[in-house]
Amino acid sequence: MQISYIRVGENPEVRPPSKSGAWVVDSGGFRRLVDMEIQKAQRLRYCVSIACVAADRRSPEEEEPAVAILAERVTPLIRSTDVVTCWDPPCLALMLIDADVASLPSIVDRLTARLEMYLWSAGGASYPKTATRADDLFHQALHMMMQAQRDGGSRLYLPT
């Protein structure tokens, strides 16, 4: 498997590494893409979701999982229209096009099956159901993930 890291606007001819894998971009490019996608979703009336997924070691003896390795494991499992970035605090952030908040549990279940050796935590948010601005989506998804971590992990939290 090959993961390609691109900067938005660097080369419009660049394609995802495979037809069945998501784009992996830097965090600045991810924010711009989400903002642009929300604007497009407002005009065309579809949903956009953000999911934040963190993986922690199960015990102090285990090695901390590298976020880039997590990206390699999950990108083949999501569509080429979706986007993944490595985020700080160490987690993955995913922009899922035309995925509403009700579909996030099944998507996260599929992704976390690949993280079976890690204790994972996830949070999500969706335009227009839980937030109407890109910044609000980021904050909600990250806050939900951090709450899931505080509550012991191996769970997905979504805003109500």
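Conventions used here
Residues numbered from 1 in each chain as written. Predicted model: local features only at pLDDT ≥ 70, side-chain atom pairs only at ≥ 80, totals over all residues. Heavy atoms only, no water. Helix = DSSP H or I, 4+ residues; strand = E, 2+ residues; numbered from the N terminus. Buried < 20%, exposed > 50% of the residue type's maximum accessible area, 1.4 Å probe, protein only. Contact = heavy atoms within 4.5 Å. Salt bridge = Lys/Arg side-chain N within 4 Å of Asp/Glu carboxyl O. Core = buried A, V, L, I, M, F, W, Y, C linked by side-chain atoms within 4.5 Å.

K.L.:
Tell me about the overall build of the protein chain, and please be specific about residues and values.
P.N.:
When helices and strands are counted, the protein chain shows 4 helices and 7 strands. Starting at the N terminus and ending at the C terminus, the protein chain contains elements arranged as β-β-α-β-α-β-β-α-β-α-β. Looking at the protein chain as a whole, 45% of its 160 residues are labelled buried. Within the protein chain, contacts between residues at least 6 apart in sequence are counted, and of these 67% link residues at least 24 apart.

K.L.:
Lay out the pattern of salt bridges in plain terms, naming residues and giving numbers.
P.N.:
Applying the stated criterion across every chain, the model contains 4 salt bridges. A salt bridge links Lys 40 to Glu 37, with the shortest nitrogen-to-oxygen separation between them at 3.7 Å. Taken as a pair, Lys 40 and Glu 37 lie in helix H1 (residues 27–44) at a separation of 3 residues, close to a single helical turn. Residue Lys 40 is classed as partly exposed on the basis of its relative accessible area, which comes to 34%. Accessibility expressed as a relative area gives 13% for Glu 37, which makes it buried.

K.L.:
How would you explain the nonpolar core if you had to name every residue and give the values?
P.N.:
By size, the foremost hydrophobic cluster in this structure holds 26 residues, and its most contacted members are Phe 30, Val 34, Ile 50 and Cys 52. For this core, the elements supplying multiple residues, two or more each, are strand S2 (23–25), H1, strand S3 (48–56), strand S4 (83–87), strand S5 (91–97), strand S6 (119–127) and helix H4 (134–150). Looking at which element gives the most residues to this core, the answer is H4, with 6 residues. In terms of nonpolar packing, the next biggest core, distinct from the first, is built from 24 residues, Ala 22, Val 24, Ala 55 and Tyr 118 among them.

Everything listed here is a matter of geometry and, on its own, says nothing about what the molecule does.
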